[in-house]
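A look at the structure
Chain residues, written in single-letter form:
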Amino acid sequence: MLAGRKLAILGMGTMGRALARGLVSGGALEPAALRGTVLHTERLDELTGEVGFPVGASNAEAVAGADVLLLCVKPARMVGLPRAVATELAAQTVQGAARMVLETGRHPAALKDDVTTPAGCTISALLALEDGKLRSVLARGVQEAARAAAGLGG
Ligand SMILES: NC(=O)c1ccc[n+]([C@@H]2O[C@H](COP(=O)([O-])OP(=O)(O)OC[C@H]3O[C@@H](n4cnc5c(N)ncnc54)[C@H](OP(=O)(O)O)[C@@H]3O)[C@@H](O)[C@H]2O)c1
C-alpha cells in the first residue's frame, strides 16, 4: 500500500520513531521515502542520524513532498499544517466518524467508547469538551434554530 509513496511523519517522538523503524525494517519503505518533523530543533541532527532520513522542524516542507501523512503528535498540540491540509484532515476525520455510524448502525457514544483509553488522551479531550459544555451548547443551538424556524411561518 505504501510502496512507491513518500511518507511524512509529523512528530518523531516515541510513536513516530517506532513506526518509522517498523516501516523501514519491515521493508515497506526505503529511508529515502521518509521525512520527519519535531517541534524542537536541538536534536535534529541526532534524530536524522538515528532514523536514517531527514528530520526537520518545518511541517510545511515535510508535507509538501509527501503522498501520505502520519500525525504522531499529542492531540492537543497545534502542528502548524498548511490550511488546505488541516481542512482536509478535519473533514476526513468527521466523514470517517459519520461513515462508521452509518455503516455499523451503532450509537456514536459506543463508537466513542471504543477509542477512549482509560486515563488516555481522548478522555482528557472529552473532559475539556464537557468543561466547555459542548453538548449543552449544541443542543441549545438546535433548540434555538427550531424556535426561530417556528417563528418564520407566522
Ligand atoms: N507512546 C505510546 O505508547 C503511544 C501509544 C499509542 C498511541 N500514542 C499516541 O501517539 C501520539 C504521539 O505520542 P508519543 O508518545 O509518540 O508522543 P511524544 O513522544 O511526546 O512525541 C510527540 C512528538 O511530536 C513532536 N511535536 C510536537 N509538536 C509538534 C509540531 N508542532 N510539529 C512537529 N512535531 C511536533 C514532538 O517534538 P519534540 O520532540 O521536539 O518535542 C515529539 O517528537 C499521541 O497521540 C499518543 O496518544 C502513543
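So, how was this worked out
Residues numbered from 1 in each chain as written. Predicted model: local features only at pLDDT ≥ 70, side-chain atom pairs only at ≥ 80, totals over all residues. Helix = DSSP H or I, 4+ residues; strand = E, 2+ residues; numbered from the N terminus. Buried ≥ 20, exposed ≤ 12 C-beta atoms within 10 Å, placed from the backbone. Contact = placed C-beta atoms within 7 Å. Domains from an automatic or database assignment. Core = buried A, V, L, I, M, F, W, Y, C linked by C-beta atoms within 7 Å. Near = placed C-beta within 6 Å. Nonpolar A, V, L, I, M, F, W, Y, C, P; charged D, E, K, R; others polar. Pairing = 2+ DSSP bridges.

**Some remarks on the overall build of the chain**
Assigned secondary structure in the chain consists of 7 helices and 4 strands. Along the chain, helices (α) and strands (β) appear in the sequence β-α-β-α-β-α-β-α-α-α-α when read from the amino end. Across its three principal axes, the chain shows a C-alpha extent of roughly 70 × 30 × 30 Å. Relative to its full complement of 154 residues, the chain shows a buried share of 14%. Counted over contacts in the chain with a minimum sequence separation of 6, partners at least 24 positions apart contribute 53%.

**Observations concerning the domain arrangement of the chain**
What the domain assignment reports for the chain is domain 1 (7-81) and domain 2 (116-154). When each unit is reduced to the centre of its C-alpha atoms, the spacing between domain 1 and domain 2 is 35 Å.

**Points about the nonpolar core**
By size, the foremost hydrophobic cluster in this structure holds 15 residues, and its most contacted members are L7, A8, I9, L10, M12 and L34. Of all the elements, strand β1 (residues 7-10) adds the most residues to this core, at 4 residues. Beyond its immediate chain neighbours, meaning those up to four positions away, L7 contacts L2, L29, A33, L34, A66, V68 and L70.

**So, the site of the ligand**
Within the structure, the ligand sits among 20 residues, and G11, G13, M15, V38 and H40 are positioned closest to it. Residue composition of the shell around the ligand, by class: 10 nonpolar, 8 polar and 2 charged.

**As for the sheet that holds strand β3 (residues 55-56)**
Strand order in this open sheet of 4 strands is β3-β2-β1-β4, and the pairing throughout is parallel. Of all the strands in the sheet, the pair left with one neighbour each is β3 and β4 (68-71). Looking at chain direction, β1 and β4 are connected through 4 bridges and run parallel. Considered in β4, the bridge of I9 is made with L70.

**Here we look at unusual backbone geometry**
Of note in this structure, A119 is not a glycine but carries a positive phi near 65°. Here A119 is to be found in the loop between α5 (108-114) and α6 (121-131). Backbone geometry places K133, a non-glycine residue, at a positive phi of 55°. Structurally, K133 can be placed in the loop between α6 and α7 (134-153).

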